[in-house]
Structures are given as structure tokens and as C-alpha cells.
Amino acid sequence: MNGVTELRNLLRQKTWDKDVVLWLGSDAALKDALSLCNTQELDILDLFDPDNLPANDEDARARLTTSLRQHLQGLQPAARSKIVLVVRSGGLLARYNLGLKSFYDWFCGDFGMVIITLVRAAEKMTWPSAVVFDDDRLYDYFTGIGMCSRVITDKG
């Protein structure tokens, strides 16, 4: 089954079951699949106050956790207003080891679904020997135990 068809079938369901989808396709294919849905976008980077950035990782994690929880609680999906939340800059969730608990606790349910977009490089790049690059790190993070409920790509 084509990944876009799989996503459309999921979106057509009357209710969802705490779905957090990892999207590995193009923005154009995702936008097309979501064309008839009530969508909201959340760039995790926007949860930081640029005029008051945290001084260290511990403060950044705490502020990000609080801001994310407040944002998710404010969305209020309901039977007459189902919401698909498209999340960008998901790497920050991995960077501060936040996982997806806030999404499951405060947003996902019968009428709220999350789609985390993950852009992967189309081709391998050559990095300097001093740079260690693991192009599967974010994929592995989001597909670990207790993370995304499914992975969908527009490649089929």
C-alpha cells in the first residue's frame, strides 16, 4: 500500500487511538494528504522565547517541557473539531530527551493525532573526519519503544 493512501485511510477514521505518526515523506505529499483535515503546525523551536533563552541544557529541557505541555493543553481537540498536529524540528525532542510523553498525555486521543515530520538526506554526504554523523539517529529515536505508533512514508 502506498504511504499516502495509508495516511489518508488513517485520517478518515472516525476516531484515532493515541496515534503519533513519524512521516518520512515530502512536505508536498503530506500537505496533499492533509488537505481535508483540520491541521495545526507546531515548530518545537517556536516554544523557546528568543529574548530569554535558557543558560544550560537542564533549563532548556525544563522550559521546553513546560511550554510544550501548555501548548498541547491549549489545543483541545474534540469530536466536532478533530486536530492533526504536524510537528517540525522534532530533533529538539531528541536533543533534550523529552520523548513523546507530553503528546500522549496532553493531546493524542480519539480526536487528536500527531504527525512528526522527519527529513532525511536524499544522498550520503562526506563529512570531515572530525565529524561523527549518524543519519539514522533521529529515526532510531522516534521508532524506539514507547515512541511513534507508526511510520509512514510517501515512497510506499
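Residues numbered from 1 in each chain as written. Predicted model: local features only at pLDDT ≥ 70, side-chain atom pairs only at ≥ 80, totals over all residues. Heavy atoms only, no water.

## Quick notes on the sheet that holds strand S2 (residues 39–43)
The 5 strands are arranged S2-S3-S4-S1-S5 in an open sheet whose pairing can be described as parallel. Each edge of the open sheet is held by one strand with a lone partner, namely S2 and strand S5 (150–152). With direction set aside, neighbouring strand axes in the sheet form an average angle of 25°. One ladder, built from 5 bridges, connects strand S3 (residues 83–88) with strand S4 (residues 112–117); its direction is parallel. Bridging from a neighbouring strand, Leu85 pairs with Val114 of S4. On top of the sheet, helix H1 (residues 3–12) reaches strand S1 (20–23), S3, S4 and S5; it is set at about 130° to S5, its chief contact. (Pairing = 2+ DSSP bridges. Helix = DSSP H or I, 4+ residues; strand = E, 2+ residues; numbered from the N terminus. Axes fitted to C-alpha atoms, helices over the stretch in contact; angles between N-to-C directions. Contact = heavy atoms within 4.5 Å.)

## Topic: the state of the cysteines
Taken as a whole and assessed by the stated rule, the structure comprises 0 disulfides. Between Cys37, a free cysteine, and Cys108, which holds the nearest cysteine sulfur, the sulfur-to-sulfur gap is 15 Å. Residue Cys37 is classed as partly exposed on the basis of its relative accessible area, which comes to 25%. For the unlinked cysteine Cys148, the closest cysteine sulfur is that of Cys108, found at 9.5 Å. Exposure remark for Cys148: the relative accessible area of 13% places this residue in the buried category. (Disulfide = S-S within 2.5 Å. Buried < 20%, exposed > 50% of the residue type's maximum accessible area, 1.4 Å probe, protein only.)

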